[in-house]
Amino acid sequence: MDSANTSGGAPPVHAAITLTVNGNEHRISVDTRASVLDVLREDLGLTGSKKGCDHGQCGACTVLLDGRRANACLALAVAHDGAEIVTVEGLADGGRLSPVQEAFIERDAFQCGYCTPGQLCSATAVLDEAGRGWPSAVTADLASDPVLDDAEIRERMSGNLCRCGAYMGIVAAVRDAAARSGDTAARRADA
């Protein structure tokens, strides 16, 4: 019996994949059962994305996967061969923080910080989605661009839980970041 396979089951199957993470291409061999989160943390050493519930319920692992937010704990890495991924480590532009990161600091939108990487990636996606005119479940007028008021922000961020309860600061930070980035929907909400 193979010493690496003491359980009696089949040995793990590996596949070669390519991921572009934060602008850097990585060609790696991964266990076909590995999640994007595990590959980011264990194989690439990017530990910003957190493993919270490992069931896609808390959002601590949220990353931008091909431009859309995704729970990295639920995404199999082999299913995303060739994908472009942005993690919290890739949100800043060189030494300058993104508008979302700046707003989170200014609004003290975190306490313990465990959920913050996922919150930051999700908030970045919220601004992009609203900027593209994508409605949410609470968008009042589907015929016009969504207005990023507090209710709209809460709905769009609802997939990211904060165990410390920093939600007031998080909503304010997303609202500020939208205004800072010149989002017209956010300006209409302030009017």
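What counts and what doesn't
Residues numbered from 1 in each chain as written. Predicted model: local features only at pLDDT ≥ 70, side-chain atom pairs only at ≥ 80, totals over all residues. Heavy atoms only, no water. Helix = DSSP H or I, 4+ residues; strand = E, 2+ residues; numbered from the N terminus. Expected span 1.5 Å × (residues − 1). Buried < 20%, exposed > 50% of the residue type's maximum accessible area, 1.4 Å probe, protein only. Contact = heavy atoms within 4.5 Å. Polar contact = N/O pair within 3.5 Å; in protein donor to acceptor, adjacent residues only side chain to side chain. Pairing = 2+ DSSP bridges. Axes fitted to C-alpha atoms, helices over the stretch in contact; angles between N-to-C directions. Salt bridge = Lys/Arg side-chain N within 4 Å of Asp/Glu carboxyl O.

Caption draft 1: Focus on helix α3 (residues 116-131). Along its 16 residues, α3 runs 22 Å from first to last C-alpha, staying within 8% of the 22 Å computed at 1.5 Å per residue. Within α3, 13 of the 16 residues are buried, which leaves the element mostly enclosed by the surrounding structure. Remark: Gly-133 follows α3 within two positions and exhibits a positive phi of approximately 85 degrees.

Caption draft 2: Layout of the environment of Arg-69. Relative to the assigned elements, Arg-69 resides in strand β4 (residues 68-71). C-alpha separation for the pair Arg-69 and Ile-85, spaced 16 residues apart in sequence, amounts to 9.5 Å. Beyond its immediate stretch of four places on either side in the chain, Arg-69 contacts Thr-62, Val-63, Leu-64, Ser-122, Ala-125, Val-126, Glu-129 and Arg-156. A polar atom in the side chain of Arg-69 sits 2.6 Å from the side chain of Ser-122. Reaching out from Arg-69, the side chain makes a polar contact with the backbone oxygen of Arg-156 at a distance of 2.8 Å.

Caption draft 3: Spatial organisation of the sheet that holds strand β3 (residues 62-65). Strand order in the open sheet made by the 5 strands is β2-β1-β5-β3-β4, with mixed pairing throughout. Each end of this open sheet is capped by a strand with a single partner; those strands are β2 (24-31) and β4. On average, each strand axis in the sheet is tilted by 40 degrees relative to the strand beside it, whichever way the strands run. Strand contacts of helix α1 (residues 36-43): β1 (14-21), β2, β3 and β5 (84-86), with the helix running at about 105 degrees to β2, the strand carrying the most contacts. Contacting β3, β4 and β5, α3 runs over the sheet at an angle of about 40 degrees to β3.

Caption draft 4: Spotlight on the pattern of salt bridges. Counted according to the given criterion, the structure contains 13 salt bridges. Across the pair Arg-180 and Glu-106 runs a salt bridge, and its minimum N-O distance is 2.5 Å. With Arg-180 in helix α5 (residues 167-180) and Glu-106 in helix α2 (residues 99-106), the pair connects residues that are 74 residues apart, well separated along the chain. For Arg-180, a relative accessible area of 35% puts it in the partly exposed group. In this structure Glu-106 comes out as exposed when scored by relative accessible area, which is 54%. Arg-156 is the partner of Glu-152 in a salt bridge, and the nearest nitrogen-oxygen pair spans 2.9 Å. Here Arg-156 and Glu-152 lie together in helix α4 (residues 150-156), a separation of 4 residues that amounts to about one turn. What makes Arg-156 buried here is its relative accessible area of 6%. By sharing partners, the salt bridges in this structure join Arg-69, Glu-129, Glu-152 and Arg-156 into a single network.

Caption draft 5: Layout of the side chain of Thr-87. On the secondary structure map, Thr-87 appears in the loop between β5 and α2. Given the relative accessible area of 1%, Thr-87 is considered buried. Polar side-chain contacts of Thr-87 include one of 2.5 Å to the side chain of Glu-89. Residue contacts for Thr-87: discarding those within four places in its chain leaves Val-21, Asn-22, Leu-40, Ser-49, Val-63 and Cys-121.

So, to be careful, I would describe these as geometric facts and stop short of saying anything about function.
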